Amino acid sequence: GGDELEPELLLQEARENVEAAQSYRRELGHRLQGLREAQRQIKESASQTRDVLRQHFNDLKGTLGKLLDERLVTLLQEVDTIEQETIKPLDDCQKLIEHGVTTAEDLVREGEVAILGGLGEQNEKLWSFTKKAAHIQLDSLPEVPLLVDVPCLSAQLDDSILNIVKDHIFKHGTVASRPPVQIEELIEKPGGIIVRWCKVDDDFTAQDYRLQFRKCTSNHFEDVYVGSETEFIVLHIDPNVDYQFRVCARGDGRQEWSPWSVPQTGHSTLVPHEWTTGFEGYSLSSRRNIALRNDSESSGVLYSSAPTYFCGQTLTFRVETVGQPDRRDSIGVCAEKQNGWDSLQRDQAVCVSTNGAVFVNGKEMTNQLPAVTSGSTVTFDIEAVTLGTASANEGGNFKLRVPAGRCLSVSAFQANKN
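Residues numbered from 1 in each chain as written. Predicted model: local features only at pLDDT ≥ 70, side-chain atom pairs only at ≥ 80, totals over all residues. Heavy atoms only, no water.

Asker: Mind showing me how you'd approach the pattern of salt bridges here?
Answerer: Two side chains of opposite charge can pair, provided their charged atoms sit close to one another. Applying the stated rule across the entire model yields 16 salt bridges. Between R250 and D208 there is a salt bridge, and its shortest N-O distance comes to 3.3 Å. Of this pair, R250 sits in strand 6 (residues 243-251) while D208 sits in strand 3 (residues 206-215), and the two are 42 residues apart along the sequence. No difference in accessibility class separates R250 from D208, as the two residues are buried. Between E320 and R318 there is a salt bridge, with the nearest N and O atoms lying 3.3 Å from each other. Here E320 falls in the buried class, since its relative accessible area comes to 16%. Using a relative accessible area of 29% as the deciding quantity, one classes R318 as partly exposed. Members of the salt-bridge network, linked through shared partners, are E185, R196 and E231. (Salt bridge = Lys/Arg side-chain N within 4 Å of Asp/Glu carboxyl O. Helix = DSSP H or I, 4+ residues; strand = E, 2+ residues; numbered from the N terminus. Buried < 20%, exposed > 50% of the residue type's maximum accessible area, 1.4 Å probe, protein only.)

Quick look at the structure:
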């Protein structure tokens, strides 16, 4: 029956090949999509850059034109002032001379008439003319300045300004093919995302960074961090919602910010840790992430509202304020909720009491941590360890291991109230 098997196998192989070809086509489709986005980014950013350059240089031309016009007006006013101030005394002198000419002409006419009359009975005229002529000083001539002593205006224009301006203009503006900072990775946390960024331009010395984010459905970005660090945890992130992040930098001693990085999209699938509501002994903050013990008599353990903590994460508690201590007071993690206990110092739990004692399954360990005070943080770092051989049907026999000495660290730092 070897012959019957052949077509079966051939069919099988054909089906597999068709499937492979389909998935190959899908892959290529994704890649084409990626290519198109890359092409669009280049074309759009190039077009935007052209617009910015044209606008800037047009504005600059306008401003330079205005400045040159203002300078011209100032210089023309200087010419006017010099002309008016130095022409006035010459005008006065001209009036004086013209007056003298008129007087002399009158005298000549009168004298000629007197002379024509001869010495007869007309000597009255001759007599009065002689008397008049003696009064006018016919030898007093006004001083007329020499041309070398009179202003001769000119403009001094230095061509070196063109060279200076040319040098500046030829160095003005640069085109960068990419922003100097990019987002390196987004790490999801319960109710938050850690954003890490890095410099991609070696010649750029950053003094400050500025991180912005927005929900993908929103139109505008908002600042979440400005400072010299290269990572920041953005809190109050709604689970399973896409957010966009972008970062820019400010160069050493500069006022202006660099262009924005290419926006990166990220989300967190991890829901934020919240305390259980309605537990008598505690009042909760609006986000249910801060619990404050109240005066009610009831005692017991306040648990998180759901088992939101997974292996491989770190979990940090921050102690905002400390009241009257009690030896049962402790902070910790447990495998499951068990009612009826008044402390986590029990089986299936790991906790640190307020005096720094570490309890595992209700037994006090030999290693002691510093006492928990106002502003302390307590961090748990849990990894899963497989015991023995795990067969597929049992799903592995897992045990949680808390490396108490290494990672159960309590460090005191100034508590920032969120």
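Asker: Is there a simple way to think about the packing of aromatic side chains in this case?
Answerer: Any pair of aromatic rings gets described here by the distance separating the centres and the angle formed by the planes. In total, this model carries 8 aromatic pairs according to the counting rule given. Taking the centre distance of 5.8 Å and the plane angle of 20 degrees together, the rings of F213 and Y243 count as stacked. Of this pair, F213 sits in strand 3 while Y243 sits in strand 6, and the two are 30 residues apart along the sequence. An identical accessibility class is assigned to F213 and Y243; each is buried. For the ring pair Y225 and F232, a centre distance of 5.0 Å and an interplane angle of 25 degrees mean the geometry is stacked. Members of the aromatic cluster, joined through ring pairs, are W197, Y209, Y225 and F232. Above the face of the F221 ring, R246 is positioned so that its terminal group lies 4.0 Å from the ring centre. One residue, R246, lies across the ring of W260, its end atom 4.1 Å from the ring centre. (Phe/Tyr/Trp six-rings, centres within 6.5 Å; stacked < 30°, edge-to-face > 60°. Lys NZ or Arg CZ within 6 Å of the ring centre and 35° of its normal.)

Asker: Would you take a moment to explain the sheet that holds strand 5 (residues 231-235) for this structure?
Answerer: Hydrogen bonds along the backbone pair up the strands of a sheet, which may run parallel or antiparallel. The sheet built from 3 strands is open, its strands ordered 1-2-5 with antiparallel pairing. Edge positions in the open sheet fall to strand 1 (181-189) and strand 5, since each of these has one partner strand only. Taken pair by pair, the neighbouring strands of this sheet meet at an average axis angle of 25 degrees, ignoring direction. (Pairing = 2+ DSSP bridges. Axes fitted to C-alpha atoms, helices over the stretch in contact; angles between N-to-C directions.)

Asker: Just to check I follow, could you spell out unusual backbone geometry for this structure?
Answerer: Among all residues save glycine, negative phi is the norm, and among peptide bonds the norm is trans. A positive phi angle is found at N240, which is not glycine, with a value near 60 degrees. Assignment of secondary structure puts N240 in the loop between strand 5 and strand 6.

Asker: Would you mind going over the sheet that holds strand 12 (residues 349-353) with me for this structure?
Answerer: Taken together, 4 strands build an open sheet; the order of strands is 11-12-13-14 and the sheet is antiparallel. Pairing within the sheet leaves two strands with one partner each, and these edge strands are strand 11 (330-334) and strand 14 (363-368). Averaged over all neighbouring strand pairs, the angle between strand axes comes to 20 degrees, with direction disregarded. As judged from the 3 bridges shared by strand 13 (residues 357-360) and strand 14, these two strands associate in the antiparallel manner. The residue bridging F359 from the neighbouring strand is E364, located in strand 14.

Asker: Where do I start with a nonpolar patch on the surface in this structure?
Answerer: Taken together, the side chains of L53, F57, L60, L64, L67, I161, L162, V165, I169, F170 and V175 present a nonpolar region at the surface, about 1000 Å² in accessible area. Those elements that place two or more of their residues in the nonpolar patch are helix 1 (2-116) and helix 3 (160-171). Tracing the backbone through its elements, the reader meets I161 in helix 3. (Patch = residues over 30% accessible without salt bridge, like charges linked within 9 Å, V, L, I, M, F, W, Y side chains within 5 Å. Areas by Shrake-Rupley, 256 points an atom, 1.4 Å probe, with all protein chains shown as cover.)

Asker: Would you mind showing me how to read helix 3 here?
Answerer: Since the α-helix advances by 3.6 residues per turn, residues separated by three or four positions end up pointing in the same direction. With 12 residues, helix 3 ought to run about 16 Å at 1.5 Å a step, and its terminal C-alpha atoms sit 17 Å apart, in line with that. The positive-phi residue at the C-terminal boundary of helix 3 is G173, with phi of around 80 degrees. (Expected span 1.5 Å × (residues − 1).)

Asker: Can you walk me through the nonpolar core in this structure?
Answerer: Nonpolar side chains tend to gather and get buried jointly when the protein is soluble and globular. Residues V195, W197, L211, V234, F245 and V247 are the most contacted members of the largest nonpolar core, which totals 16 residues. Among the elements of the structure, strand 1, strand 2 (192-199), strand 3 and strand 6 are those that each provide at least two residues to this core. Examining the composition of this core, we find that 4 residues originate from one element, strand 6, more than from any other. Counting residues in each nonpolar core, the second largest holds 12 residues, with L315, V350, L369 and F380 among its members. (Core = buried A, V, L, I, M, F, W, Y, C linked by side-chain atoms within 4.5 Å.)

Asker: Help me out: how do you make sense of the environment of P325 in this one?
Answerer: Considering the arrangement of structural elements, one finds P325 in the loop between strand 10 (314-318) and strand 11. For P325, a relative accessible area of 54% gives the class exposed. Taking C-alpha positions, P325 is 7.0 Å from T354, a pair spaced 29 residues apart along the chain.

Asker: I would appreciate a short explanation of the environment of F221 in the present structure.
Answerer: If you trace the backbone, F221 turns up in the loop between strand 3 and strand 4 (222-227). For F221, a relative accessible area of 13% corresponds to the buried category. As a C-alpha pair, F221 and F245 span 24 residues in sequence and 8.3 Å in three-dimensional space. In contact with F221, not counting residues within four places along its chain, are Q212, F213, R214, Q244, F245 and R246. (Contact = heavy atoms within 4.5 Å.)

Distances and angles like these do not, on their own, reveal function.
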